[in-house]
Amino acid sequence: MNTLALEVEDLTVAYGENPALWDVDLKVPKGIMMGLIGPNGAGKSTLIKTVMGLIRPAAGTVRVFGKPHGESQSRVAYVPQRSSVDWDFPATVKDVALMGSYGRLGWSTRPDRKEHKNTQDALERVGLSDLANRPVHQLSGGQQQRVFLARALVQKADLYLLDEPFQGVDAATESLILDLLRSLRSAGGTIVVVHHDLQTVADRFDQAALLKVRLVASGPVSEVLTTANLQQAYGIQATSLLAIRDGTP
Amino acid sequence: MKAMDGTILAISYEINPALVSVVLGTALLGLATGALGSLAVLRRNSLLGDALSHAAYPGLLAGFLLSGTKSVGLMVLGAILAAAMALYLTNLLGKGGRVRPDAALALVMGCFFGIAMVLQSHLQQNPSAAQAGLKDYLFGQAGLLLEEDIPLLVCLALLVLFVLGWGWSRWKIITFDRSHALSLGIHVPFWDMLYSFLLILSVVIGLQVAGVVLMSALLVMPGCASRYWTTRMSSLVTLSGITGAFLGIGGTFTADELSWPPGPTIVLLGFIWLFISYGAFEIRRKKRALRQPFSPGNSFTPPPFPIPGKAPSNG
Amino acid sequence: MDNADLQTLLVACLGAVACALGGAFLVLRRLSLLADAISHSILLGIVVAWVLVKDLGSPWLLLGATLSGVFAVWLVEWFQKKAGIREDAAMGLVFPALFSAAVIMISQLAHSVHLDTDAVINGRLELAFLDPVRIGNTSYGPRSAWMLGTLVFVQLVLITLFFQPLRIVWFDSAFAASIGISPLLYQWGVTTAASLTCVSAFDALGSILVVALMVGPASSALLWSSRLSRVLVLAVLFALISATLGFFLGAWLDVSLSGMIAVCTGFVFGLCWLLAPEEGWIAQWARKRRQIQEFRTGLLLVHLRTHENSPERHEECRFDRLNIHLKWPQALVDDVAKAALERDLVTSIGGLLGCTPAGRTMAKQLVGD
């Protein structure tokens with residue numbers, strides 16, 4: 001019985017000329033919520049994209065639920081950064097959420113009533129059912145993030161990879177996303193979130209992985225966010241970050 | 001069948017029967033390019049059609065040079081190959097950030113057209129009678145559309161509609177969010193190739209009607225105008241196709257009435273329609289000023305129903 | 001090579017230089033396609049001006065054409081800013097529309113004016129020497145040479161005078177605005193200059209080939225240098241090479257000279273793209289190979305160091321197990337390990353690899369500890 005949702009071994013990724021990830025080993029057990037933290041340019045998004053097969057690694061392996069990525073694709077949902085998409089696109093909230101179902105459907109099958117029901121439920125869960133027919137370009141940042149989340153819910157995945165879901169969203173959306181992720185976890189899902197706010201890591205995640213091109217540490221949050229590790233990852237900035245971690249001004 | 005319909009039409013409305021095939025032809029072409037072009041607008045490579053049409057012209061001439069006669073098959077093949085080569089070169093040069101993509105597009109377009117000029121001047125030296133019609137491809141001669149051209153255009157329109165409808169969900173996902181499409185396991189490069197192929201095919205077939213210079217307008221205008229009327233991709237593509245077809249019909253009739261060249265007339269009509277669409281959009285927007293609706297540009301509008309609590313922040 | 005040939009060559013070279021200078025600023029601003037839009041739009045200005053003054057030789061035609069080029073750019077901006085249409089689509093709308101209007105007007109005036117759309121696209125470089133500037137009975141060279149020469153001169157003067165502010169605006173327009181240089185003024189100044197260039201050059205070179213000459217030399221130059229002054233000098237140089245090469249090839253093969261010049265522009269660009277010292281394809285390929293080699297060595301070192309003191313060391317660092325852990329073919333592991341052994345970066349004790357102090361330092365540097 002495999003208890004790992006995600007297993008990254010000796011992963012090295014080179015973006016053009018400079019390595020973005022060096023020899024990263026990471027194990028994510030099933031049913032936890034992990035925060036992926038690190039300074040800008042530490043390779044957090046790169047790691048997620050490599051896991052999703054969007055970037056080809058230079059060396060190393062990625063296994064999702066014990067299998068190479070291609071074989072377990074349908075069990076993973078990816079929520080990209082909100083800014084990666086052109087929100088001027090002519091589509092309604094429901095259109096976008098419905099896109100999550102296409103991974104299940106065959107070549108050119110149209111989504112049936114069941115999928116529509118699924119989508120409606122997902123929108124309900126993110127609190128957008130009233131806005132189902134609204135064009136996406138009229139949404140606020142937080143609402144856009146919720147649409148992305150609804151799309152991922154429709155995928156009915158077992159592993160969710162989210163890239164900065166709390167970036168630039170309002171407080172209401174933030175707590176909604178958090179509740180939602182927690183309920184997904186209680187239902188047996190595994191969640192990996194790229195996150196940059198050190199202050200909230202301890203409240204939000206069971207485990208953390210600290211990246212700085214290579215993996216500095218991973219495991220329970222308290223073991224990862226040690227002074228030594230933070231200094232290694234953030235260098236000179238670490239002193240002020242330590243203050244943030246400890247909640248002292 | 002089509003011809004018979006045409007004759008009936010011609011009799012009942014007292015229209016010049018020769019015009020019927022022209023109208024039908026431009027309508028079919030407008031349908032195909034309008035639907036396809038709306039995708040180009042969404043993908044932000046509207047000018048690709050322009051580059052492809054410029055690049056197809058030397059291929060056309062080379063096909064003529066090789067066959068020595070006005071053999072349509074060889075010319076179309078040459079045009080398709082040349083356009084595909086230009087597309088490949090544009091992508092190759094624009095990749096890696098060493099040459100800016102816009103410069104790559106302009107350069108490939110200019111150079112391919114330079115080749116066309118060279119070939120054309122070479123062709124002019126041997127006064128083979130058949131070459132007289134070659135220059136029609138520069139500005140397009142919709143008036144020369146014949147009944148036997150119609151089946152080809154019907155096939156093109158059907159092919160475009162079929163491929164768009166067949167992979168509709170994929171087109172939608174890829175156009176909206178490429179990385180999501182990849183993460184779902186959609187083979188994005190394949191769909192890109194398919195799209196380029198359709199684009200090249202319609203540009204090459206459209207050259208005879210619209211000409212090199214005006215081809216891009218047929219692709220871009222219906223999409224841009226329809227963008228003002230709709231907020232869903234399915235209706236955008238449908239409306240663009242219909243707009244394209246009506247522009248073809250309206251432009252041909254107008255051109256015939258005023259004895260203007262048809263290609264430019266279609267383009268001008270499209271431009272007018274674009275302004276009408278924009279005006280209508282502005283009027284509707286002002287009527288709903290309280291709800292602060294959108295502009296299809298890169299604007300961001302605050303949520304219509306603000307969430308109680310914190311205001312949305314960016315940062 | 002007779003006098004007429006020399007005059008034609010002169011016109012070609014001056015036209016190419018004028019285009020290269022005007023185009024360089026467009027290319028730098030990622031506005032290459034504006035050259036395309038402008039060169040298609042000037043026809044409308046010519047036709048409208050002709051309708052007003054009814055004289056093909058009138059300088060008003062020049063003015064009308066220049067204005068319509070600027071108008072096209074303004075229209076593109078308007079569509080972008082006010083009507084919410086993106087730049088690429090806006091350009092794809094504007095120039096066919098203006099061009100169509102011009103073609104329709106010409107078709108209506110065909111009986112009264114000899115404005116050949118074909119000549120607009122093709123240019124009439126071969127015939128330039130037939131239209132000399134005459135004072136009394138002596139002719140002083142082709143009219144287009146004088147026009148293009150003046151244009152080049154004016155461009156050079158303007159660039160010299162305004163070099164610093166142009167450089168600042170082109171590099172960082174927000175900063176320029178903050179120190180009191182109006183980016184708008186310079187942008188529209190360059191747009192007008194580009195439009196004027198198109199207008200002056202298209203008579204000789206043809207409207208679409210003007211695009212190749214505006215974009216080609218500047219793009220080639222950008223592969224060699226990123227300093228504005230050098231880019232301008234190199235662009236002029238490449239333009240001269242293309243024009244001369246195109247002239248002789250075209251004359252030799254007896255084909256359209258302007259077409260051949262455009263082809264040569266592409267050819268020169270292709271050579272630069274392959275051979276430029278830093279940015280060229282070959283240089284990049286060689287650099288990439290070196291980097292991959294270096295990168296693989298680094299990867300091996302980092303891997304060894306990561307597992308240096310860990311309990312799984314005997315598994316992770318064994319020479320014959322590395323192919324599994326790094327997902328490399330065994331042959332590659334052999335190569336990289338051998339090279340690293342030779343450079344004294346790793347040691348091998350009984351098939352178990354480990355870092356030497358030098359290797360450890362290198363690995364440390366690579367991961368930024």
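Residues numbered from 1 in each chain as written. Chains lettered and ligands numbered in written order. Predicted model: local features only at pLDDT ≥ 70, side-chain atom pairs only at ≥ 80, totals over all residues. Heavy atoms only, no water.

1. So, the overall build of chain B
Our working definition: Here a strand is any run of E in DSSP of at least two residues, a helix any run of H or I of at least four, and the numbering for each starts at the N terminus. Buried means the residue's accessible area, taken with a 1.4 Å probe over protein chains only, is under 20% of the maximum for its type, while exposed means over 50%, and partly exposed covers the values in between. What makes two residues a contact is simply this: any of their non-hydrogen atoms within 4.5 Å. Accessibility throughout is a Shrake-Rupley quantity obtained with a 1.4 Å probe, and a residue counts as covered only by protein chains that appear here.
The helix and strand inventory of chain B stands at 13 helices and 0 strands. For chain B, the succession of helices and strands along the chain, N to C, is α-α-α-α-α-α-α-α-α-α-α-α-α. The 315 residues of chain B split such that 57% are buried. In chain B, the proportion of contacts linking residues at least 24 apart, taken out of those at least 6 apart, comes to 71%. Summing over all exposed atoms, chain B offers an accessible surface of approximately 13100 Å²; the carbon and sulfur share of this is 69%.

2. Digging into the interface of chain C and chain A
Many descriptions give the size of an interface as the accessible area lost when the pieces come together. As a reminder, the rule being used: Once two parts are put together, the accessible area they lose, assessed with a 1.4 Å probe and summed over both, is termed the buried area. Take a side-chain nitrogen of Lys or Arg and a carboxyl oxygen of Asp or Glu: if they are within 4 Å of each other, that pair is a salt bridge. Here a polar contact is taken to be a pair of N or O atoms separated by no more than 3.5 Å, where protein atoms must pair a possible hydrogen donor with a possible acceptor and residues adjacent in sequence count only if both atoms sit in side chains. Throughout, the ten residues Ala, Val, Leu, Ile, Met, Phe, Trp, Tyr, Cys and Pro are labelled nonpolar, Asp, Glu, Lys and Arg are labelled charged, and all others, Gly among them, are labelled polar.
Of the residues lining the interface, 19 residues belong to chain C; the matching set on chain A comes to 18 residues. Carbon and sulfur atoms make up 51% of the surface buried where chain C meets chain A, a total of about 1600 Å² over both sides. The interface formed by chain C and chain A holds 2 salt bridges in total. A salt bridge links Arg86 of chain C to Asp86 of chain A, with the nearest nitrogen and oxygen atoms 2.9 Å apart. Seen at the junction of chain C and chain A, the total is 4 residue pairs in polar contact (both at pLDDT 80 or more). Broken down by secondary-structure element, the contributors of at least two residues to the side of chain C that touches chain A are α13 (281–306) and α17 (357–367) of chain C. In terms of residues, the side of chain C that touches chain A owes the most to one element, α13 of chain C, which gives 9 residues. For the side of chain C that touches chain A, the class distribution of residues is 7 nonpolar, 6 polar and 6 charged.

3. Describing the packing of aromatic side chains
Residues and elements named next belong to chain B. This is how it is decided: To pair, rings of Phe, Tyr and Trp, with the six-membered ring standing in for Trp, must have centres within 6.5 Å; the planes then decide the type, stacked if under 30 degrees apart, edge-to-face if over 60, and tilted in the middle.
In total, this model carries 24 aromatic pairs over all chains according to the counting rule given. For the ring pair Phe190 and Trp191, a centre distance of 5.4 Å and an interplane angle of 80 degrees mean the geometry is edge-to-face. For Trp191, a relative accessible area of 3% translates into the label buried. Ring geometry for Trp229 against Trp273: centres 5.8 Å apart, planes inclined by 15 degrees, an arrangement best described as stacked. Residue Trp229 is found in the loop between α11 (215–226) and α12 (233–258), and its partner Trp273 is found in helix α13 (residues 262–287); the two are separated by 44 residues along the sequence.

4. Some remarks on the pairing of strand β6 (residues 76–79) of chain A
Residue and element names in this part refer to chain A. Threshold: Should DSSP find at least two bridges between two strands, the strands are taken to pair.
Side chains of β6 alternate between two faces, with Val76 and Tyr78 and Ala77 and Val79 buried alike. Relative to strand β7 (residues 159–163), β6 runs parallel, the two sharing 4 bridges. Across the sheet, the residue bridging to Ala77 is Tyr160, located in β7.

5. Some words on unusual backbone geometry
Glycine aside, a negative phi is what most residues show, and trans is what most peptide bonds show. Although it is not a glycine, Glu164 of chain A adopts a positive phi angle of roughly 50 degrees. Assignment of secondary structure puts Glu164 of chain A in the loop between β7 and α5 (171–186). Its relative accessible area of 11% is what places Glu164 of chain A among the buried residues. A positive phi is found at Asp254 of chain C, a non-glycine position, where the angle reads about 55 degrees. Mapped onto the fold, Asp254 of chain C is located in the loop between α11 (228–253) and α12 (257–275).

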